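Chain by chain, the residues run as shown.
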Amino acid sequence: MQKVGKADIERTVTWMETSGRHRGGKPGTGLGPRSVRLTLGRLTAAFEMAALEGLLPRNVAKLVKSPKYAPAPRSTRSAEEVRKSLDRATSDRLHAGGRLSLYGLRRGEALGLRWREDIDFGSFAEPCQTHKKPWCGDCYGTGSTYKPATIRVQQARVLVEGTPQVVPPKSRNGFRTLPLDATAASALHQLKVAQKAERLAAGKAYTNSGYVVVDELGEPVHPEWYSDEFGRLAKRAGVKRIVLHEGRHTALSLMEKAGVPISIVSKWAGHYDTAFTYSTYVHATEEDLQTGTDALGRIYKST
């Protein structure tokens, strides 16, 4: 470390920006500004610790400027596009998982859901008061003893150095219980029924992992495959393709546009701060500007 100078670190930064990528894209291409800034930050922290312990006369990494980072604009879908994609995906085996990703869950949160610990079908699994049968979508949400179906976000299944691992939610606010509408609850129920049939068909080859999003043999799906499948669903539905995480942006933006208070949107997302939700996840499109035009038209209309 004592031999490393400012020029050495600058060359490393240049290498990262031009050819430092090993995974998450084409190997040999440049890393994005965010990745470079994070790496340089870790290096600077290590040099600072060595300097404080007297192993280095000074922290030369502090002299190197970080590349400017401007988050790329996020693409979101309109409500019509979301409905079209969900309608097309109804026949797909993992329709319920895709629906949850368009309900604002992070990829790891959706993949971390377990049937026993995290899914509660509530009144949806009990006989309704009118038709006396369970899974009655028409009566879901009514009655004095109504209890909503819910999902509990208690863990996430994410990639760590390319290997799927189970970790806690990103923050304390990430632990949350979300109520589901009848359509989402029904999609989860259909998936559970389908998995029972798959378990019977596979016999001893089936792995009873307990996870919601699994393959035909009960194994949890790989996170990257899940992201790719989200794109394939969009292609089959003929809607604008967005990356999986932009499904979360879409859900939170549509909630805000529908008049849901930002405090509720933020809590739904598991964020610690409403300002962060607004600045990072709530987006307006060019088409949304018409709302402003309509409002001004009503305000300025002469009587």
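Residues numbered from 1 in each chain as written. Predicted model: local features only at pLDDT ≥ 70, side-chain atom pairs only at ≥ 80, totals over all residues. Heavy atoms only, no water.

## Considering a positive patch on the surface
A contiguous patch of positive charge on the surface is contributed by R116, K192, K196 and R199. The greatest single-element share of the positive patch, amounting to three residues, is contributed by helix α7 (residues 182-202). Relative to the assigned elements, R199 resides in helix α7. (Patch = residues over 30% accessible without salt bridge, like charges linked within 9 Å, V, L, I, M, F, W, Y side chains within 5 Å. Areas by Shrake-Rupley, 256 points an atom, 1.4 Å probe, with all protein chains shown as cover. Salt bridge = Lys/Arg side-chain N within 4 Å of Asp/Glu carboxyl O. Lys, Arg positive; Asp, Glu negative; His and termini not counted. Charge placed at Lys NZ, Arg CZ, Asp CG, Glu CD. Helix = DSSP H or I, 4+ residues; strand = E, 2+ residues; numbered from the N terminus.)

## Things to note about the environment of L200
As for its placement among the helices and strands, L200 is situated in helix α7. Residues L200 and D8 lie 192 residues apart in sequence; the distance between their C-alpha atoms is 61 Å.

## Details of the pairing of strand β3 (residues 156-160)
Relative to strand β4 (residues 163-167), β3 is paired through five bridges, and the arrangement is antiparallel. Pairing of R157 across the sheet is with V166, part of β4. Counting the residues between successive antiparallel strands, the hairpin from β3 to β4 contains two residues, one of them, E161, with a positive phi of roughly 55°. (Pairing = 2+ DSSP bridges.)

## Re the sheet that holds strand β2 (residues 150-153)
Read across the sheet, three strands follow the order β1-β2-β5 without closing on themselves; strand pairing throughout is antiparallel. Unpaired on one side and paired on the other, β1 (119-120) and β5 (176-179) mark the two borders of the sheet.

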